[in-house]
Amino acid sequence: MVTTVDSRRIECVVRGSDQLGETPLWCERERKLWWLDIERPRLQSFDPSTGAHEIAPVDHTSSLGSLALGDDGSKLLALDLELHRRAASGEMSMFARVEQGLDNRLNDGRVDPRGRFWVGTMDNQLHRPNGALYRVDPDGRVHRMLDDGVIVSNGIAFSPDGKTMLFTDTRRHTTWRFDLDLDDGTLSNRRVFADHTATRERPDGACVDAQGCVWTAFFAGRRVVRYQPDGTIDLVVPMPVTNPTCVCFGGGDLRTLYITTAAKFLTPEQHAAEPLAGSLFAVDGIGQGLPEHRFRFTTTSSTPSLHGAART
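Okay, so let's go over this structure. (Residues numbered from 1 in each chain as written. Predicted model: local features only at pLDDT ≥ 70, side-chain atom pairs only at ≥ 80, totals over all residues. Heavy atoms only, no water.)

**Regarding the sheet that holds strand β17 (residues 174–181)**
Note the following rule: Should DSSP find at least two bridges between two strands, the strands are regarded as paired. A run of DSSP states H or I qualifies as a helix once it reaches four residues; a run of E qualifies as a strand once it reaches two. Both are numbered from the N-terminal end. Simply put, an axis is a line fit to the C-alpha atoms, just over the touching stretch for a helix, and the angle between two N-to-C directions goes from 0 to 180 degrees.
A sheet is described by the order of its strands in space; here 4 strands give the open sequence β15-β16-β17-β18, paired in antiparallel fashion. At either end of the open sheet lies a strand with only one pairing partner, and these are β15 (153–158) and β18 (186–195). Neighbour-to-neighbour, the strand axes of the sheet open up by a mean angle of 25°, direction not taken into account. Looking at chain direction, β17 and β18 are connected through 7 bridges and run antiparallel. Within β18, the position partnered with Asp 179 by the bridge is Ser 188.

**Considerations on unusual backbone geometry**
At His 60, a position not held by glycine, the phi torsion is positive, near 60°. With respect to the helices and strands, the residue His 60 is situated in the loop between β6 (52–57) and β7 (64–69).

**A short note on the nonpolar core**
To keep it simple, the criterion reads: Throughout, nonpolar core names a set of buried Ala, Val, Leu, Ile, Met, Phe, Trp, Tyr and Cys residues whose side chains join them through atoms within 4.5 Å. Only protein chains enter the accessibility calculation, which uses a 1.4 Å probe; a residue whose area is less than 20% of its type maximum is buried, one above 50% is exposed, and one in between is partly exposed. Contacts are assigned to residue pairs that have any heavy atoms within 4.5 Å of one another.
Grouped together as the largest cluster of nonpolar side chains are 21 residues, with contacts concentrated most on Trp 215, Val 224, Val 237, Val 247, Leu 257 and Ile 259. Looking at this core, the elements with two or more residues in it are β20 (214–219), β22 (233–238), β23 (244–250), β24 (256–261) and β25 (280–284). Excluding residues within four positions of it along the chain, Ile 259 makes contact with Val 224, Val 237, Met 239, Pro 244, Cys 246, Val 247, Ser 279, Leu 280, Phe 281 and Val 283. Counting 17 residues, the second largest nonpolar core, distinct from the first, contains Ala 68, Ala 132, Val 142 and Phe 295.

**Remarks on the packing of aromatic side chains**
Spelled out, the test is: Only Phe, Tyr and Trp rings are paired, with Trp represented by its six-membered ring, and only when their centres lie within 6.5 Å; those with planes under 30 degrees apart are stacked, over 60 edge-to-face, the remainder tilted.
Under the criterion given, the structure shown has 9 aromatic pairs. Note on Phe 219 and Phe 265: the rings are 6.1 Å apart at their centroids and 90° apart in plane angle, and the pair reads as edge-to-face. Of the two residues, Phe 219 sits in strand β20 while Phe 265 sits in the loop between β24 and α1 (268–273), which places them 46 residues apart along the sequence. Judged by relative accessible area, Phe 219 falls into the buried class, the value being 7%. Among the aromatic residues, ring-to-ring pairing joins Trp 26, Phe 46 and Tyr 258 into one connected group.

**Here's the deal with the environment of Arg 202**
Residue placement: Arg 202 occurs in strand β19 (residues 202–208). For Arg 202, a relative accessible area of 22% corresponds to the partly exposed category. Taking the C-alpha atoms as reference, Arg 202 lies 10.0 Å from Thr 216; in sequence the two are 14 residues apart. Those residues within four positions of Arg 202 in sequence are excluded, and the remaining contacts are Thr 170, Arg 171, His 173, Ala 217, Phe 218, Phe 219 and Ala 220.

**Some thoughts on the pattern of salt bridges**
Should their charged atoms come close, side chains of opposite charge can pair. Test applied: Each reported salt bridge corresponds to a side-chain nitrogen of Lys or Arg within 4 Å of a carboxyl oxygen of Asp or Glu.
Going through the model one piece at a time under the given rule, you end up with 24 salt bridges. Here Asp 18 makes a salt bridge to Arg 42, at a shortest N to O gap of 2.9 Å. Of this pair, Asp 18 sits in the loop between β2 (11–14) and β3 (21–27) while Arg 42 is found in strand β5 (residues 42–47), placing the two residues 24 residues apart along the sequence. Of the residues examined, Asp 18 reaches a relative accessible area of 3% and is grouped as buried. Lys 32 serves as the salt-bridge partner of Glu 54, at 4.0 Å between the closest nitrogen and oxygen. With Glu 54 in strand β6 and Lys 32 in strand β4 (residues 32–37), the pair connects residues that are 22 residues apart, well separated along the chain. For Lys 32, a relative accessible area of 18% translates into the label buried.

**Description of the sheet that holds β23**
Pairing is antiparallel across the open sheet formed by 4 strands, whose spatial order is β2-β25-β24-β23. Both edges of this open sheet fall to β2 and β23, since each of them pairs with a single strand only. Across the sheet, the mean angle from the axis of one strand to that of its neighbour is 30°, orientation sign disregarded. Here 6 bridges tie β23 to β24, and the two strands are oriented antiparallel to one another. Paired with Cys 248 across the two strands is Tyr 258, which belongs to β24.

**Details of the pairing of strand β14 (residues 142–150)**
With 5 bridges connecting them, strand β13 (residues 131–136) and β14 associate as antiparallel partners. Opposite Val 136, over in β14, you have Val 142 as the bridge partner. The turn joining β13 and β14, which pair antiparallel and follow one another in sequence, is formed by 5 residues; a positive phi near 95° is taken by Gly 140.

Spelled out as structure tokens, the structure:
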């Protein structure tokens, strides 16, 4: 049985105009939500206790693809095809170059329980299989983990025990599961978790809750869904905008679902009909999340190079 959340429970907490809002992460230390606008590159935060919304433009890049919290209070930001470390002061420094020579950009990423950052690339034209999935170690080494026809990397998330990784290709309309060896950071036993190829729907960003359920936003689908661990959908959150992009749980008890959205690809008529497109939304009390893992920086200097490929 599929339950639909009452739309009156969905609150717009930051009325914005994100072209491509993405990567919401709750920081329990700061008690703030952080997220990005990829195509108008800016790092944003929201303090639910005060309602304060802060915006920090990120210069010298055409895209700000993803975000990770650092164990030292810094942030790891994906600028085009490079990762940069942003100190608490706002100072930026190069950390690693993930990819080069392709018409790609970095997209969705997430930190695993051992403090490694998993991040994917995507084709800027949205149809060529140019992308790949990478693992970035705390010392800056970059490992190419998957490259078999990836178009738009997305939906990277980990099970509560950290032994399963989810990965989505939005333009292949599919989410896969992998077994993750936490000790050596390798993937195995790839299998389909959710297949939307028949409907051509576009699963986007995702998170996993404390019960191991998977929450996925559907770009152009006007909804967020919850999958049970067996892959069946049992809950739908209807959205007042066309393009939800990503989800995470936050708040002091991790019981608030935050949802980023995008104005990208909307027609002028849709823009007029959706004044909240590109805003940040929240729904309380429909699940409970897990604390976000933090990237474990072990270097203090820039390491701008691509290291050996460890493929599976």
